[in-house]
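# Fold and contact review
Each chain, written out:
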Amino acid sequence: MEFPYFQFPWLGDGLVIGVNAVIHVFISHGVSIGLVSMVVLAEYVGWRRGEAGWDSFAKAAIKPTVIIITSLGAMTGVGIWFTTSAMVPSGIGSMLRVFFWPWFIEWVVFAMEVVVLVTYYFTWDAWSGPRKRRHVYLGGSYMVLAGLSALIITGILGFMLTSDGWPWDRSFWGAFFNPTFLPQLAWRLSEALVMGAAFVMIFLLFWHRDLALQREALRLYATILAGAAVPMAASGWWWFHVVPSSFKTHAVFAFQMMTGLRETPWFWAGHVVLVGLVALAVAAGWLRSGVMAKLLILPATFGVLVFAAEYEWVREFIRGPYLMPGYMYANTVLLSEHELFRQEGMLKHAYWYNRLAQTPSLEEEGAFLFAQNCGTCHTIGGRNDIRARFRGKPEDAIFVILGRTEQMIPFMPAFSGTDEERTKLARFITQLQRQAVHLEAPARYTRIPGQEQQ
Amino acid sequence: MSVLHDILLPLPVTEMLARGLLFAAFALHLLFVLMMLGTGILAFAYFTRAWWAGELGGAGAPTAASELRWDKRVLRTFLVHKSMAVVLGVGPLLLIQVVFSIPFFTALTIFAPLWLLIILFLIAASLSFDALGHKAHVHRHVHLAIGLFAIVVLLAIPGFFAAVLVSAENPDRWLSILRGRFAFDRPLLIHWSLRYLHVLGAAIVFASAFHYFFTAKNDSARRQSLVRWMLGGLLAQVAIGIGLFLSLLREPTFSGYVYLFVGGVLAAALIGLAAFHSGGVPMSPRFVVPGLVVLLVSMLLVRQGFQDRAFGALIPQVRQNAEEYQKKLDSYTEQAVKDYRGHIQIVYDNGTTIYARSCSFCHGTEGQGDGPDAHYLSVPPENLAAVRSTKAYLYLKISQGVPGSGMPYFSYFSPPKLDSLIAYLAQTWGVLAEPSPVTAPVSKADMEAAVQEYQRTCAQCHGRDGRSLTDVSKDLRPQPPDFTAFSLQPQWSFNVITNGYRGTAMPGYGSLPEGVRWGLVKVVQEKRMGGSAATRSDAGTDSQ
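Residues numbered from 1 in each chain as written. Chains lettered and ligands numbered in written order. Predicted model: local features only at pLDDT ≥ 70, side-chain atom pairs only at ≥ 80, totals over all residues.

### Section: the overall build of chain A
The test is simple: Numbering of helices and strands runs from the N terminus; a helix is a DSSP stretch of H or I covering at least four residues, while a strand is a stretch of E covering at least two. This radius of gyration counts C-alpha atoms alone. The globule rule is 2.2 Å times how many residues there are, raised to the power 0.38. With C-beta atoms placed from the backbone, a residue counts as buried when 20 or more other C-beta atoms lie within 10 Å of its own, as exposed when 12 or fewer do, and as partly exposed for counts between those limits. By the convention adopted here, residues make contact when the C-beta atoms placed from their backbones lie within 7 Å.
Across its full length, chain A holds 18 helices and 2 strands. Over its C-alpha trace chain A gives a radius of gyration of 25 Å, about what one expects of a compact globule, namely 22 Å for 454 residues. C-alpha extents for chain A along the principal axes are approximately 80 × 50 × 45 Å. Here chain A holds 454 residues, and the buried ones make up 55% of them. Pairs at least 24 apart in sequence give 74% of the contacts found in chain A among residues at least 6 apart.

Below, the structure written as structure tokens:
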């Protein structure tokens, strides 16, 4: 309410933030931690055994790896800041005030990571022979830094979802070392190795011509993939186990929202197929069958990425109605503000609404109430369309449902506002369904005065 | 009337420290940004010049293939500048969002589309330049096309950032920007364009100095060319800088003048040096590098002074507003946290909880359709205690909802949860049981009249088979129920036939004799039991 409103048109805020974040997870985990580790390992093996084939493979693999990390990985990482700050500014602004120092330390670690990675990349030829040891150690120190940044970010991410301590005592450590911290860290590190092994196998099979090395390396990486998949599955289960029950029930909703997965048997069958593909790819690698591995590695990698995306999807979804537990709803209304707005009204306390709407009309009032209450998740005419959600509902029913969202739908925040405002929003939605209102600036949910003069 | 207030949670760091860190982090970030931008500009310029001079081979490979083409050598460092610029940008972003939350978030939400485009542009520019800097040569036309795309996209990015910063620093213009369709007015536009050009000029100066010392090394021809770039850049910077100063909307502070003076002296010295040395004498990094760094810092201090002035009154005001707002909220906080504590203890994994939370506010705790919100609804909620239906039918109605009535869809509950809800309804009110037999006396004549009445009147909507899928009824919202799967306890069924169902197309038939209405109850009930009305009507006579 203290910032001009913006919603990503058609796709909605959540999907844009989520897609950016999931791509970032693929790269930050799979490439920055996983793939680089596999490259360092190859260099290490080549160095210990004195085999040039391993080293030239590692050197060939590091170039695309560095390009992906420094372009897609870094940009989508910054993208998380950009997307959240444009769409949920008071959410990210409040989070920053709790987690300023971890984020600041994380930034320093990031910068060191980039320096080490770029040095590692550019010194490959120069630091050879007797200086090779130093180069391998540099690779190792990168892995330590990458693990450290995973550790810091996990503390922050876990809080957003399932903190038990912070809502009551507002203590930083309670927020950081929340119950899901350790399992999530274990999940992320093992997931990174699984993805890294899958990615390096793709590179090995499709880009690397040294067939003798290919056969040898395939078995090594297949073993790592299988070996890391076990802790990944175990930590996934562990994580789910420590999530408080009231959040846990939301997990199934995450998939219930996807039409194709609504029927549980299909959902599990899909998982079994994906696990099977990964297992087959591992077996092909173990048996050193280049042809079979070539056939299987892409579908298996797809499976691994699906699991990674699924975890983030569930993790984001099960926090349900809260952005910050006990403090802020997902629509960035504070829990205490909710009480205030119920008594005094939301419109009255909306700074930009009052600046911009000169002659409040139903369209403007309704659009603003929609934007602030529902706009984080719902759009008009796009994804999670509010008109579809209320299809066939008379205005009185919309009024009732709006007043009971938090109680009726476990993952939805409450409507914040007076009964009069709820009536206005119900009428606005009804008018939307009759196509009787038209928003001039759909991304802003307010008619910008000045546009009317046209 | 509402006031603008800061984010309510307290600052996690003292303001002095945050400002100091912000300045240092931003200076570091900017240094690499300038080298990234300048490297892109120089590489593209050198490529076109090589083409112009005929130095490119037929396809674009250099005529002297012994070493990497010059523009590619310049571009080789792009990856480092870009990586450092991006990663070092996170720190200032973090700090500015903490200490100047209101102006910064306001400006970037105003320009949210541009702000989000930055991500795509960064990725596109970065990958394109990485491709061009590669050892492998593409055809010069392809190189030109990729290069043009890359340079346009790259140079747009500081323009977007400058727009956000210019608007952040001018809180008094926010409303007019929002009202003016997100466009700057003329003074802001002039200020923004000069500021943007000032960034590009600085990029050329810093990148040419960097490549002079790092890439060209002892190649005196390249060095001469780079000094000319630097000289041109510095001269342009002075001109643009004077314009930028004049375009400012606020008076600088005294220290601002001091920093400006220091910067001006350094710029003049560097210009002199570059002009003098473009004759061929190499420049010494011992003066140029520190000189450029001090120049950058003094110019950033001037900028900082203006920014502090711009935020001067605003920041304390929004912080004070935040304190007052927080005080107001304090009286609600305890209740809110208590509600939260209660809410996270609710686990929606059983029929009892789901009914209590998701159903009872309409259907009532006793299931009689008399929940606290029922009176708002134009179509009264069903009296669940009277429902006698099948599991499949209830499952359908609960998961899909009933369009035209207030009954929402509950497909977000998984099938096992809906099963447990139906089990709860069955256990509590027997919704899956058979309807109780009609005990009211119905004479044979009444029964026959009822059968006829059903065929004549009711069947129009409910169909002879009771499935309610006739031409008349199939488009009704809410849809009449399917009598073969759904029935009501006799008394409730009788009430509906007598009084109709409010809010729906079902009228009341209170004018029919009571016996006929009871007969209709039987007719309808028999659809559910799968029997035919005729055989059952005999049973009706037996009871007499």
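Further notes follow.
### Some points on the confidence of the model for chain A
To keep things clear, this is the line we draw: pLDDT measures the predictor's confidence residue by residue and takes values from 0 up to 100.
Of all residues in chain A, 93% attain a pLDDT of 70 or more, and the chain-wide mean is 90. Counting interchain partners and residues more than four positions distant, the pLDDT-below-50 stretch residues 449–454 of chain A has 9 contacts.

### Some remarks on the environment of leucine 287 of chain A
Residue and element names in this part refer to chain A. Locating leucine 287 in the fold gives a position in the loop between helix 11 (264–286) and helix 12 (290–318). On the basis of neighbour counts, which here come to 14 C-beta atoms within 10 Å, the residue leucine 287 falls in the partly exposed class. In the structure, leucine 287 is positioned 132 residues away from aspartate 419 in sequence and 68 Å away in space, judged by C-alpha atoms.

### A few points about the domain arrangement of chain B
Defined as follows: Start and end positions for the domains come from either an automated domain assignment or a database one.
Per the domain assignment, the segments making up chain B are domain 1 (15–312), domain 2 (351–429) and domain 3 (444–542). Among the elements that line the side of domain 2 of chain B that touches domain 3 of chain B, the one with the most residues is strand 1 (residues 387–389) of chain B, at 3 residues.

### Considering the confidence of the model for chain B
Across chain B, pLDDT averages 92, with 95% of residues at or above 70. Note on residues 533–544 of chain B: pLDDT is under 50 here. Beyond four places in sequence and across chains, it has 17 contacts.

### Quick notes on the nonpolar core
How we decide: Remark: nonpolar core denotes a set of buried Ala, Val, Leu, Ile, Met, Phe, Trp, Tyr and Cys residues whose joining runs through C-beta atoms within 7 Å.
By size, the foremost hydrophobic cluster in this structure holds 294 residues, and its most contacted members are Ala197 and Tyr221 of chain A. Looking at this core, the element that brings in the most residues is helix 1 (residues 15–52) of chain B, giving 18 residues. Those residues in contact with alanine 197 of chain A that lie beyond four places of it in its chain are Gly34, Met38, Tyr221, Ile224, Leu225 and Ala228 of chain A.

### Describing the packing of helix 17 (residues 395–408) of chain A against helix 13 (residues 351–363) of chain B
The criterion, for reference: Between N-to-C directions, angles span 0 to 180 degrees; the directions come from axes that are lines fitted to C-alpha atoms, helices contributing only their stretch in contact. In these notes the angle categories are as follows: under 35 degrees is roughly parallel, over 145 is roughly antiparallel, 65 to 115 is roughly perpendicular, and the rest is oblique. Handedness of a crossing is defined here by the sense of rotation of the near helix relative to the far one, left-handed for an anticlockwise turn of less than a right angle and right-handed for a clockwise turn. Here the nonpolar group is Ala, Val, Leu, Ile, Met, Phe, Trp, Tyr, Cys and Pro; Asp, Glu, Lys and Arg are the charged ones; every other residue, Gly included, is treated as polar.
Where helix 17 of chain A meets helix 13 of chain B, the closest approach of the two axes is 9 Å, and the angle between their N-to-C directions is 150°. Taken together, the axes of helix 17 of chain A and helix 13 of chain B lie roughly antiparallel to each other. In the packing of helix 17 of chain A onto helix 13 of chain B, the handedness of the crossing is right-handed. Each of Val400, Arg404, Gln407 and Met408 of chain A in helix 17 of chain A lies in contact with helix 13 of chain B, whose residues at this interface are Arg357, Ser358, Phe361 and Cys362 of chain B. Split into classes, the residues belonging to the contact of helix 17 of chain A with helix 13 of chain B amount to 4 nonpolar, 2 polar and 2 charged.

### Concerning the domain arrangement of chain A
Residues and elements named next belong to chain A. Domains assigned within chain A are domain 1 (13–326) and domain 2 (335–433). On the side of domain 2, 9 residues touch domain 1, which itself brings 11 residues to the contact. Of all the secondary-structure elements, those providing two or more residues to the side of domain 1 that touches domain 2 are helix 1 (13–49) and helix 10 (245–256). Here the side of domain 1 that touches domain 2 is composed, by residue class, of 5 nonpolar, 5 polar and 1 charged.

### Some details on the interface of chain A and chain B
Where interface size is given, it is often the accessible area lost as the parts come together that is meant. Each partner contributes residues to the interface: chain A has 77 residues there, and chain B has 80 residues. Counting residues per element, the ones that place at least two in the side of chain A that touches chain B are helix 2 (52–87), helix 3 (89–98), helix 4 (100–122), helix 10, helix 13 (335–344), helix 14 (351–356) and helix 17 of chain A. No other element matches helix 2 of chain A, which puts 13 residues into the side of chain A that touches chain B.

### Notes on the packing of helix 1 of chain B against helix 8 (residues 186–213) of chain B
All names here are of chain B. Their axes nearest at 7 Å, the elements helix 1 and helix 8 cross at an angle of 80°. Overall, the two elements helix 1 and helix 8 adopt an arrangement that is roughly perpendicular. On helix 8, the residues that touch Leu34, Met35, Leu37, Gly38, Thr39, Ile41 and Leu42 of helix 1 are Leu200, Ala202, Ala203, Ile204, Phe206, Ala207, Ser208, Phe210 and His211. Of the residues assigned to the contact of helix 1 with helix 8, the class counts are 12 nonpolar, 4 polar and no charged.

### A word on helix 3 of chain A
Most of helix 3 of chain A sits out of view: 9 of its 10 residues are buried. The complete set of buried residues in helix 3 of chain A reads Pro89, Ser90, Gly91, Ile92, Gly93, Ser94, Met95, Leu96 and Val98 of chain A.

### Focus: the environment of threonine 48 of chain B
All names here are of chain B. Here threonine 48 is to be found in helix 1. Classification of threonine 48 by C-beta neighbours within 10 Å gives partly exposed; the count is 16. Once the C-alpha coordinates of threonine 48 and histidine 363 are considered, the two residues, 315 residues apart in sequence, prove to be 76 Å apart.

### Structural notes on the environment of phenylalanine 203 of chain A
Residues and elements named next belong to chain A. Its place among the elements puts phenylalanine 203 in helix 8 (residues 181–206). In the structure, phenylalanine 203 is positioned 92 residues away from leucine 295 in sequence and 14 Å away in space, judged by C-alpha atoms. Those residues in contact with phenylalanine 203, other than ones at most four positions away along the chain, are Ala61 and His208.

### Structural notes on unusual backbone geometry
Residue proline 478 of chain B is reached from arginine 477 of chain B by a cis peptide bond, and omega for that bond is -5°. Among the structural elements, proline 478 of chain B can be located in the loop between helix 16 (444–462) and strand 2 (486–488). One non-glycine residue, tryptophan 10 of chain A, lies in positive phi territory at about 70°. Relative to the helices and strands, tryptophan 10 of chain A resides in the segment before helix 1.

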